[in-house]
Number of protein chains: 4
Amino acid sequence: MIVLIKQGASEEKINHLVKWLEDKSLIVRKFDGQEQSVLGLIGNTNAIDKDMLSSLDIVDSVADTPETFKASSKKMHPDDTIINLHSGRQPAIGGGNFAIMAGPCSVESREQIIALADEIKTAGANFIRGGAFKPRTSPYDFQGMGAEGLDLLVEAREKTGLPIVTELMDLRQLDLFIEKDIDVIQIGARNTQNYDLLKEVGKQTKAAILLKRGLAGTIKELLMSAEYIMANGNENVILCERGIRTYEHDYTRNTLDLSAVPVLKALTHLPVIVDPSHGTGRADLVPSMSLAAIAAGADGIMVEVHNNPAKALSDGPQSLTPEKFAELMVRVNKLREAMS
Amino acid sequence: MIVLIKQGASEEKINHLVKWLEDKSLIVRKFDGQEQSVLGLIGNTNAIDKDMLSSLDIVDSVADTPETFKASSKKMHPDDTIINLHSGRQPAIGGGNFAIMAGPCSVESREQIIALADEIKTAGANFIRGGAFKPRTSPYDFQGMGAEGLDLLVEAREKTGLPIVTELMDLRQLDLFIEKDIDVIQIGARNTQNYDLLKEVGKQTKAAILLKRGLAGTIKELLMSAEYIMANGNENVILCERGIRTYEHDYTRNTLDLSAVPVLKALTHLPVIVDPSHGTGRADLVPSMSLAAIAAGADGIMVEVHNNPAKALSDGPQSLTPEKFAELMVRVNKLREAMS
Amino acid sequence: MIVLIKQGASEEKINHLVKWLEDKSLIVRKFDGQEQSVLGLIGNTNAIDKDMLSSLDIVDSVADTPETFKASSKKMHPDDTIINLHSGRQPAIGGGNFAIMAGPCSVESREQIIALADEIKTAGANFIRGGAFKPRTSPYDFQGMGAEGLDLLVEAREKTGLPIVTELMDLRQLDLFIEKDIDVIQIGARNTQNYDLLKEVGKQTKAAILLKRGLAGTIKELLMSAEYIMANGNENVILCERGIRTYEHDYTRNTLDLSAVPVLKALTHLPVIVDPSHGTGRADLVPSMSLAAIAAGADGIMVEVHNNPAKALSDGPQSLTPEKFAELMVRVNKLREAMS
Amino acid sequence: MIVLIKQGASEEKINHLVKWLEDKSLIVRKFDGQEQSVLGLIGNTNAIDKDMLSSLDIVDSVADTPETFKASSKKMHPDDTIINLHSGRQPAIGGGNFAIMAGPCSVESREQIIALADEIKTAGANFIRGGAFKPRTSPYDFQGMGAEGLDLLVEAREKTGLPIVTELMDLRQLDLFIEKDIDVIQIGARNTQNYDLLKEVGKQTKAAILLKRGLAGTIKELLMSAEYIMANGNENVILCERGIRTYEHDYTRNTLDLSAVPVLKALTHLPVIVDPSHGTGRADLVPSMSLAAIAAGADGIMVEVHNNPAKALSDGPQSLTPEKFAELMVRVNKLREAMS
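Before going further, it helps to examine the overall build of chain A. Of the regular secondary structure elements, chain A holds 11 helices and 12 strands. The C-alpha atoms of chain A give 21 Å as radius of gyration, which agrees with the globular expectation for 340 residues (20 Å, within 12%). Each principal axis of the C-alpha atoms in chain A carries an extent, and together these give about 65 × 45 × 40 Å. Residue burial in chain A is summarised as follows: out of 340 residues, 63% are buried. For chain A, the accessible surface area stands at approximately 12000 Å², while carbon and sulfur atoms represent 47% of it.

The structure is reproduced here in structure tokens:
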């Protein structure tokens, strides 16, 4: 249910109304638009007398939201959300702030990550990404450096000032992620529907959550998973298109669904970024797909960069060298200018 | 690596060899076939001198296993595995024992589950299934009765003697599942690649694990997820085909991939069952797809039955009434006789 | 629009009504059910006064058919269609007559096809299949023997009495197919939506048409393509499930969608057969999938058999040897008895 | 097989060699690169003595082409092909010439097509597209205006000078298309593997052929179908990505596979264009996907424009109004400048 507040209503009266609604066990989201404020009510709104609500002097009108999506819906929050990192670091994400998240698939050593962090920052990245805990299809493959990898990311952050993006697989590690003040916690494509994990990152943290679309996930499922996080209290959700599973597999690892970008931008106020590295599985396709993502309207890209792709412990074939990444950044900037 | 032991080798010498291999940090699986014993070695076998091993007097030959699948591979264990429930209850699963798991999608009340348990047992089911913790796409939908639902399943088990199949979503509930002595712990299609959950049901329990194929999971991924459980110590894994996501959606919820049954039976020694209820999403297709699953060589079926499908809190359209289930059981038995 | 005729209405009056409707530019299909006759009207029924029609003394009731499917719909023709071959040869297809179509992917030589025809007949096949004109993905691959292959099939038919199933790719060959009195004309998966070809086999012949589901065709598209044939005058259409394109490709060439069998049987009165050879692409999966097709309710199977699969000019890996085919027939017969 | 000719070899000697090779029943393609000439040999090259060929004084080296793709392969023709319309009209396609094909899904009337042709030309389109023969899933739907529609397109061409793009469904219409001097003959997604149609447009015409990727066609199949046309003599093939069939259907009609653009550009020298109208099925997604196609490196776009989308006889929901198309053209031009 959506309550449009009349222009000029006093903050005090609005707060009073919010409190009254919360006492009815509803979650209330207040959005201050350019012209008027909106209250979005999540939960069992059957108990609310809509006529009574409409008749309040500060209320303009009341509308039901039969939509499946609630907290994430653009109807609840017509302006694009700008996520200011809870960690206090820069930059913000969404609403014109373009995120460039770069780094290796896996953190492999101090030498690797520190050197790389400098190189990608110089080239123009504004986030450093790297996996410490790795979801691998086979239990016999390298599973990531774990907590030690997290420490190395923190060291790279200290050196460069770049906020960290890294994946959380298991809720038992959430305390550690909070302790290390991870700026953007990634929920990977295999955990998009791990609802208990989603609930906990909703409840326990205000860190930004980068939620990847499932391996063969629908757009609706992606938004419903965002709802799990938001309904539990954390609205700092970034959506990520990362390629979907189709019958085409001879030339690409996944099929990057760039139409998901404008589809999502029409449905939700949350920022949408694109991962062309997993989305294609081929380093040579990453530059053109990065540019296409920008042209499609994405709020950022996430690109795998590795000092020595041929020796990467995971996902080498889809990683750019620092040189190729720097070349791409030049083209990205030129395109972004033309799009603005 | 696979070590074929010579016929007639003494148990003592074999045990000695096993211990020596385990001291090299290998996991050793010993299979006693009808003619000879086989040792399957999992882990870093590079450290093993193959020639030395081959020259031992109790060793017939040594073969590398370049296959991706190790513990689950038919090469490691040529005979079909028969899983005897760790709970001690009957029946066993696999190797000619046909499992018929029936019950509601969700446990909804005592009246529902107790009455239904009696009806499905009378009709011929040998397991009772029902969800207490429910993975729902929307956080605003019914999420299951939780621990209370588990207690009701236990009560139904006490009354009928039927072992329980129920889904575990969150490793924080594993202790409760162990405490309630759940006979078959289901890992649902959204958690097939929740590796931390797989590791824990591998380490902490010997209960049978019913592992569902992912929503759009490959056969290889299903077996690799089984490896996560087995490599961590629990080899009582049952694989479950439950329909895959394809472009066809006008007439079925998923596309039931029955060819997965003979494909899996050729690759692995683990039992394979079929869930035609989720596999099609339509009660009217469940009978023919149950029979087709049997003809395809499945070791069991898992069928949703509900007293009142029209009022089910989840998945009503795919649930059989007890009457339709009883009719199906007559046809199942007739077909199984013809197949034997 | 469907017109139910009253029981006991005279043929003369019915014919009179049919002619009147045809004069309104409608195609009229008359079905004589066990209890009453039904007229199915195809075309622009807006011009018909439904009330007037309902008030006729021989008319029981009139119903609109908002369904997409018209001529193929079960609502138009509640009983299963039995197709008696226009060529006059036996057997009929559908309504309890089980078709076993066997033979090589491609006709390769006289020796091959004549010897094979004898072997498959002895084993129990009641149709001989073989490709003379072959749709190959590459223009540089073997394209079939052409007209010469057709002559060899005719020779095999003369020797064994088995009716022929063979593929028509190009409407310029249709005259030849009619001249050779091909019993069952196959429309392959790449031509399921070649509408001009469908129209011509509708107009120019009453031979049975075996219409394959498209490479990644929906069930709706399959039925709409059947409509193209039927609306042009040939109602002898056999539908064929032959596997669909999905993301799973490591272990099977296509994913055989056996649920399409009961789905189609509920929607249409046309016979439905299954091709497990193309449906899986693996000879070792053909037996279990043939049995599963029967259990699912199919009206027949189409199986590739080759004297020497390793040397086949096309589709060797999915062809059974004559010996394996004979073994399968024993199991097929046993299962069919149990299903009856 | 590829023969690299030495720099400076005389035309006379090269022609002599070409003739000799053609006498061996090979198709010989001669490409004059910036530095040296290359002969591509298609057909049975087993009969050629490679050593003898290598030893000729005008031959630099000889290489086998184990690749599946021959005539279309970038290895045969390293530079991008520029297709000059056989009709003599402008513009060329490929190699920096950007094609903007616009117009209605179906030609519906003189008023519609003539007015629209003017509007799209003014906005910046350089081709007019429109269907006269329409492949419709249902035989009961509007099937196009046929020959009359073709005449209207010709009239629009006369008035505006824009070359025509229109679909050929049936080889019996090919003479008519040739007679009307259709500039670009489209082979639709349902006929991508209608090999007899492909062969005929290869043999009988040098008009440019716009070959669409199949409804669920692979990239490999698309190129193999191009081979069918090229191996039969017409090398003026334009490839078109138009969205593929995936499980995602709630928000888009197809999934536009933009990664196919750089994949194809790496494999082949043929121009690649993108159809975002069919690729998404939604007019509101067409602008962002058009821009993304350009950023991905496409040689052109094909966009449905209709005076009154709400009343279109086919595909209204995906058609832009002329106004929206003009707005898009402004953004297209700005982006193309930035990309150059």
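Next comes the rest of the description.
Bringing the interface of chain D and chain A into the picture now. Put simply, an interface is often sized by how much accessible area is lost when its parts join up. Facing the 37 residues of chain D at the interface are 37 residues of chain A. At the boundary of chain D with chain A, total buried surface from both sides reaches about 2900 Å², with 68% on carbon and sulfur atoms. Taken together, chain D and chain A are joined by two salt bridges. Residue R213 of chain D is joined to E248 of chain A by a salt bridge in which the shortest nitrogen-to-oxygen separation is 3.0 Å. Tallying contributions element by element places helix α10 (residues 286-295) of chain D first for the side of chain D that touches chain A, with five residues.

Turning next to helix α7 (residues 219-231) of chain B. Residues and elements named next belong to chain B. Relative to the 18 Å expected for 13 residues at 1.5 Å per residue, α7 spans 18 Å between its end C-alpha atoms, a close match to the ideal helical length. Extensive coverage of α7 is indicated by the burial of 12 of its 13 residues. Every buried residue of α7 is listed here: I219, E221, L222, L223, M224, S225, A226, E227, Y228, I229, M230 and A231. Residues of α7 that are buried in the fold lie against β2 (27-32), α6 (195-203), β9 (208-212), β10 (237-241) and α8 (260-267). Immediately downstream of α7, the backbone of G233 shows phi near 115 degrees, a positive value.

Below, the discussion takes up the sheet that holds strand β8 (residues 184-187) of chain C. Residue and element names in this part refer to chain C. Strand order in the closed barrel formed by eight strands is β5-β6-β7-β8-β9-β10-β11-β12, and the pairing between neighbours is parallel. Averaged over all neighbouring strand pairs, the angle between strand axes comes to 25 degrees, with direction disregarded. Across five bridges, strand β5 (residues 99-103) lies against strand β12 (residues 300-304) in parallel orientation. Note on β12: the bridge partner recorded for A102 is V303. Its contacts with the sheet put helix α4 (residues 147-160) on β6 (127-129) and β7 (164-167), and the angle it makes with β7 is roughly 170 degrees.

Moving on, we come to unusual backbone geometry. With omega at 0 degrees, the peptide bond leading from Q90 of chain A into P91 of chain A counts as cis. Summarising the element assignment, P91 of chain A is placed in the loop between β4 (59-63) and β5 (99-103). Within the chain, D181 of chain A stands out as a residue other than glycine whose phi angle is a positive 55 degrees. Structurally, the position occupied by D181 of chain A is in the loop between α5 (174-179) and β8 (184-187). Residue D181 of chain A is classed as partly exposed on the basis of its relative accessible area, which comes to 29%. Phi angles above zero are rare outside glycine, and D315 of chain B is one such case at about 60 degrees.

With six of eight residues buried, helix α8 (residues 260-267) of chain C is to be regarded as a mostly interior element. Among the structural elements, α10 (286-295) of chain B together with α7 (219-231), β10 (237-241) and β11 (272-274) of chain C are those in contact with the buried residues of α8 of chain C.

Residues and elements named next belong to chain C. Note on placement: L26 falls in the loop between α1 (11-23) and β2 (27-32). By relative accessible area, L26 is classed as buried at 5%. Sequence-wise, L26 and G40 are 14 residues apart; in three dimensions their C-alpha atoms are separated by 9.7 Å.

It takes a turn of 180 degrees to lay chain B on chain C, together with a shift of 0.0 Å along the axis; the resulting RMSD is 0.1 Å. When the rotation and shift are considered jointly, the pair of chain copies conforms to a two-fold rotation axis. The position closest to the rotation axis in chain B is occupied by the C-alpha of A292 of chain B, lying 2.1 Å away. When you check the interface residues of chain B against chain C, 100% turn up at the interface there too, and the contact is symmetric in its surfaces.

Residues and elements named next belong to chain D. Along the chain, the position of D299 falls in the loop between α10 and β12 (300-304). Since its relative accessible area comes to 8%, D299 is described here as buried. Filtering out sequence-adjacent residues up to four positions away, D299 remains in contact with G94, G95, N97, F98, A99, K265, L270, P271, V272 and I273.

Next up on the list: the relation of the copies chain D and chain A. Note on the identical chains: chain D maps onto chain A by a rotation of 180 degrees and an axial translation of 0.0 Å, with an RMSD of 0.1 Å. Counting the interface residues of chain D, we find that 100% of their copies in chain A are interface residues as well, pointing to one common contact surface.

Turning our attention to the interface of chain B and chain C. Chain B puts 37 residues into the contact, and the matching count from chain C is 37 residues. Of the roughly 2900 Å² buried where chain B meets chain C, counting both sides, 68% is carbon and sulfur surface. The largest per-residue losses of area from chain B upon contact with chain C belong to Y247, E248 and Y251 of chain B, which jointly make up 21% of the total buried on that side. Summed over the shared surface of chain B and chain C, the number is two salt bridges. Taken together, the connections running from chain B to chain C amount to 12 residue pairs in polar contact (both at pLDDT 80 or more). Within the residue set of the side of chain B that touches chain C, elements represented by two or more residues are α7, α8, α10 and α11 (322-339) of chain B. Broken down by element, the side of chain B that touches chain C gets its largest block of residues, five residues, from α10 of chain B. The residue makeup of the side of chain B that touches chain C, split by class, is 20 nonpolar, nine polar and eight charged.

Further remarks concern the state of the cysteines. All names here are of chain C. For the coordinates displayed, the defined rule picks out zero disulfides over all chains. In this structure C105 is a free cysteine whose sulfur lies 13 Å from that of C240, the closest cysteine sulfur available. Overall, C240 belongs to the buried group, its relative accessible area being 0%.

As a further point, take the environment of H306 of chain A. Residue and element names in this part refer to chain A. Secondary-structure assignment places H306 in the loop between β12 (300-304) and α11 (322-339). Between the C-alpha atoms of H306 and R190, which are 116 residues apart in sequence, the distance is 23 Å. If sequence neighbours within four positions are ignored, H306 has contacts with P104, E108, Q112, L116, A312, S319, L320, T321 and P322. A distance of 3.4 Å separates polar atoms of two side chains, one belonging to H306 and the other to Q112.

Thresholds, definitions, all that
Residues numbered from 1 in each chain as written. Chains lettered and ligands numbered in written order. Predicted model: local features only at pLDDT ≥ 70, side-chain atom pairs only at ≥ 80, totals over all residues. Heavy atoms only, no water. Helix = DSSP H or I, 4+ residues; strand = E, 2+ residues; numbered from the N terminus. Rg over C-alpha atoms; globule rule 2.2 N^0.38 Å. Buried < 20%, exposed > 50% of the residue type's maximum accessible area, 1.4 Å probe, protein only. Areas by Shrake-Rupley, 256 points an atom, 1.4 Å probe, with all protein chains shown as cover. Contact = heavy atoms within 4.5 Å. Buried area = accessible area lost by both parts, 1.4 Å probe. Salt bridge = Lys/Arg side-chain N within 4 Å of Asp/Glu carboxyl O. Expected span 1.5 Å × (residues − 1). Pairing = 2+ DSSP bridges. Axes fitted to C-alpha atoms, helices over the stretch in contact; angles between N-to-C directions. Least-squares fit on C-alpha atoms with pLDDT ≥ 70 in both. Polar contact = N/O pair within 3.5 Å; in protein donor to acceptor, adjacent residues only side chain to side chain. Nonpolar A, V, L, I, M, F, W, Y, C, P; charged D, E, K, R; others polar. Disulfide = S-S within 2.5 Å.

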